[in-house]
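Tertiary structure, described
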Amino acid sequence: IRELRPQVDIVIVSVHADLEFMPAPSVPRRTAFRSFAQAGADLILGHHPHVAQGCERIGNSLVVYSLGNFVFPMRPNSGDRSWSFLLRAELSKNGVESFERIPFAIGTGHNERPVPCQTGDCDQKLARLKQLDNIISNDEEIAKIWREKALEKLETELKWALLGANQSAWKRRLTRLLVFGFSRKLVVDIERILDEIIGRWFLTAENRAWIDEVIRIGEERWDDRNALPPDPLHRPHRQFQKRSKR
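This report concerns the structure included in the present document. (Residues numbered from 1 in each chain as written. Predicted model: local features only at pLDDT ≥ 70, side-chain atom pairs only at ≥ 80, totals over all residues. Heavy atoms only, no water.)

Before going further, it helps to spend a moment on the overall build of the protein. On a plain count of helices and strands, the protein comes out with 6 helices and 7 strands. Listing each helix as α and each strand as β along the protein from the N terminus yields β-α-β-β-β-β-β-β-α-α-α-α-α. Taken across its 246 residues, the protein has 36% of its residues classed as buried. Surface exposure of the protein reaches about 15300 Å², of which carbon and sulfur atoms provide 55%. (Helix = DSSP H or I, 4+ residues; strand = E, 2+ residues; numbered from the N terminus. Buried < 20%, exposed > 50% of the residue type's maximum accessible area, 1.4 Å probe, protein only. Areas by Shrake-Rupley, 256 points an atom, 1.4 Å probe, with all protein chains shown as cover.)

Encoded structure:
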């Protein structure tokens, strides 16, 4: 961005990233987006969470952390999934001169298309956007949301990876899990574990952010247990030295 900035009047960065349905950006994404603004980008646009998130001004730059959905079927269509906003921004070589967010509802029909919201409903949505804006600058709240979502992702992905090998259609596997949980005998598909956990989790950049957060949680719990008095009736596995960090 710094190399591009002297050559053009306006720099817009569009990023597809982060976990779904988060009311705020993850800790690493907020850091990255802020660095884009500091490097000279005028407008930074985020998408993929499928719900609207707040925005912030950094100098003459505008950071919009998530535009939410526009035309995209999303079930259930409720809560923050049932609306989003259009962004209208005026840019010049000096940066973002002004911006406006125009809320809209997402219909509940077959195509779940965006529709104009009523005046009172728009006021509620604008107030909600202000709430989301306030979260952005709250480091403690950002860290809390990110940790909760990383653990939710871990739970979902573990259930998916551990589904029985004899269930070929993913919808049947998912239904079986939701209805019966782990109460019935579960056949573990080792090859699926290698592909889904070892491969997709740890070897792809897409998943490393939330995996790293889960590892941090595990390290904190390990340290908390190490601080407890040793149990003379059990082997002190938790007293073993942790491996060095990557």
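Moving on, we come to the environment of Leu 45. Residue placement: Leu 45 occurs in strand β2 (residues 43-47). Linking Leu 45 and Val 15, residues 30 residues apart in sequence, is a C-alpha distance of 6.2 Å. Residues contacting Leu 45, with those up to four places away along its chain left out, are Ile 12, Val 13, Ser 14, Val 15, Phe 33, Val 64, Leu 67 and Leu 87. (Contact = heavy atoms within 4.5 Å.)

All right, on to the pattern of salt bridges then. Pairs may arise between side chains of opposite charge once their charged atoms sit close together. For the structure shown, the criterion picks out 15 salt bridges. A salt bridge links Arg 5 to Asp 42, with the nearest nitrogen and oxygen atoms 2.6 Å apart. In this pair, Arg 5 sits in the segment before β1 (12-16) while Asp 42 sits in the loop between α1 (27-39) and β2, placing the two residues 37 residues apart along the sequence. A single burial state applies to Arg 5 and to Asp 42, both of which are buried. Among the ionic pairs, Asp 121 bridges to Lys 125, the shortest N-O distance being 2.6 Å. Here the residue Asp 121 and the residue Lys 125 both occupy positions in helix α2 (residues 119-136), the gap between them amounting to 4 residues, near one helical turn. For Lys 125, a relative accessible area of 13% corresponds to the buried category. Put simply, Arg 147, Glu 213, Arg 216 and Glu 220 are held in one network by salt bridges that share partners. (Salt bridge = Lys/Arg side-chain N within 4 Å of Asp/Glu carboxyl O.)

Our next topic: the nonpolar core. Counting 26 residues, the largest nonpolar core has Leu 43, Leu 62, Val 64, Leu 129, Ile 135, Trp 201 and Trp 210 as its most contacted members. Those elements that provide at least two residues to this core are β2, β4 (61-64), β5 (83-92), α2, α3 (139-161), α5 (190-201) and α6 (205-226). Of all the elements, α3 adds the most residues to this core, at 5 residues. Ranked by size, the runner-up nonpolar core spans 11 residues in total, among them Val 11, Val 13, Ala 37 and Tyr 65. (Core = buried A, V, L, I, M, F, W, Y, C linked by side-chain atoms within 4.5 Å.)

Here we take up α6. Along its 22 residues, α6 runs 31 Å from first to last C-alpha, staying within 8% of the 32 Å computed at 1.5 Å per residue. Looking at α6, one finds that the buried residues are Asn 207, Trp 210, Ile 211, Glu 213, Val 214 and Ile 217. (Expected span 1.5 Å × (residues − 1).)

Across the sheet, which stays open at both edges, the 4 strands sit in the order β1-β2-β4-β3 with mixed pairing between neighbours. At either end of the open sheet lies a strand with only one pairing partner, and these are β1 and β3 (55-58). Each strand of the sheet is rotated relative to its neighbour by a mean of 15°, with strand direction disregarded. Alignment of β3 against β4, held across 4 bridges, turns out to be antiparallel. Of the residues in β4, the one forming a bridge with Cys 55 is Val 64. Sheet strands touched by α1: β1, β2, β3 and β4. Its angle to β2, the strand with the most contacts, is close to 160°. (Pairing = 2+ DSSP bridges. Axes fitted to C-alpha atoms, helices over the stretch in contact; angles between N-to-C directions.)

On to the packing of aromatic side chains. Applying the stated rule across the entire model yields 5 aromatic pairs. Ring pairing ties together the aromatic residues Phe 33, Phe 36 and Tyr 65, which thus form one cluster. Between the NZ or CZ atom of Arg 29 and the centre of the ring of Phe 33, over which it lies, the distance is 5.3 Å. Over the aromatic face of Phe 21 sits the side chain of Arg 81, whose NZ or CZ is 3.7 Å from the ring centroid. (Phe/Tyr/Trp six-rings, centres within 6.5 Å; stacked < 30°, edge-to-face > 60°. Lys NZ or Arg CZ within 6 Å of the ring centre and 35° of its normal.)

Look at Phe 21: it is not a glycine, yet its phi comes out positive at around 65°. Note that Phe 21 resides in the loop between β1 and α1. Residue classification places Phe 21 among the partly exposed positions, given a relative accessible area of 27%. Phi is positive for His 50, close to 70°, though the residue is something other than glycine. Note on placement: His 50 falls in the loop between β2 and β3.

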